Amino acid sequence: MDEKIAEYLTHAVEIAVENVGAQGGPFGAIVVAADGQVFEGTNRVTATNDPTAHAEVVAIRRACRELGTFSLAGASLYSSCEPCPLCLSAALWSRLERVYFAADRHDAARVGFDDAAFYDYIQGRGEASLMPVSQIVVPTSQEPFRSWEELDAKTEY
C-alpha cells in the first residue's frame, strides 16, 4: 500500500476517534484535492440534528466551499469507514477521482451502524415498503427542464 494512502487513512481514523468525544459519530473523512490541499470532515449527525452530516459529506462540502467549486475532479476521499449509500452518492456527484476507506460496513454494523437495509434497497433487493417512491406526472412536470434548456447563462455540470 502506498505510504501516503496509509497516512491519510490513519488521519481519517484519528479524527473519527476525536469526534466521538465531541458529540459526533465515530466517522472521519478527508478530501485531498488535486493540488494537495486537505479538507477534514467528521460525522455531525446527532450534534447538529442533520441526517446528512456524515463525515464524507461534511468533508466534501468543506472542500467545495473552500475551493470555490462543485467539482472535485482529481481529488480523493479517505474515510475511516466504508461510505454508506448517501456518502457514495455525494462522492459520485462531486466527481471525486477515488475513494479509500479503512473499516467496512460490517465493522460499523457490529456497533449499531447498520446500513444493510439501505444497500439492499438501492440494489433492488430490499423491501419496497422501506420507502415507497412513486412518480406522479403533473401538467408542469417538464417546465423546470424547459426553463433550463432556454437559459443562456447556465453553468453546466
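What comes next concerns the included structure. Sequence order as written defines the numbering, with residues in each chain counted from 1. Reporting of local features is limited, given that this is a predicted model, to residues whose pLDDT is at least 70; pairs of side-chain atoms are given and counted only at 80 or more, and all residues count toward the totals for whole chains, interfaces and linings. Excluded from the side-chain calculation are hydrogens and water; included are all heavy atoms of the structure.

Quick look at the pattern of salt bridges
Then, in step 1: We count a salt bridge whenever a side-chain nitrogen from Lys or Arg sits within 4 Å of a carboxyl oxygen from Asp or Glu. The tally for this structure, following the rule as stated, stands at five salt bridges.
Then, in step 2: The partner of Arg-61 in a salt bridge is Asp-50, and the shortest N-O contact between them spans 3.8 Å. Of the two residues, Arg-61 is situated in helix α3 (residues 55–67) and Asp-50 in the loop between α2 (45–48) and α3; the sequence distance between them amounts to eleven residues.
Then, in step 3: Buried means the residue's accessible area, taken with a 1.4 Å probe over protein chains only, is under 20% of the maximum for its type, while exposed means over 50%, and partly exposed covers the values in between. Note on Arg-61: relative accessible area 39%, which makes it partly exposed.
Then, in step 4: Here Arg-105 and Glu-82 are joined by a salt bridge, their closest N and O atoms 3.0 Å apart. Taken together, the residues span a long stretch of sequence, with Arg-105 in helix α5 (residues 105–110) and Glu-82 in the loop between β3 (76–81) and α4 (85–93) at a distance of 23 residues.
Then, in step 5: Among the residues examined, Arg-105 registers a relative accessible area of 30% and is labelled partly exposed. Secondary structure is summarised from DSSP: a helix means a run of H or I of at least four residues, a strand means a run of E of at least two, and numbering begins at the N terminus for each.

Looking at the side chain of Ser-80
Then, in step 1: Mapped onto the fold, Ser-80 is located in strand β3.
Then, in step 2: Owing to a relative accessible area of 8%, Ser-80 belongs among the buried residues under this scheme.
Then, in step 3: Note on contacts: a residue pair is in contact if any heavy atoms of the two residues lie within 4.5 Å. Here Ser-80 is in contact with Ala-12, Val-13, Ala-16, Pro-26, Phe-27, Gly-28, Ala-102 and Ala-103, once residues within four sequence places are set aside.

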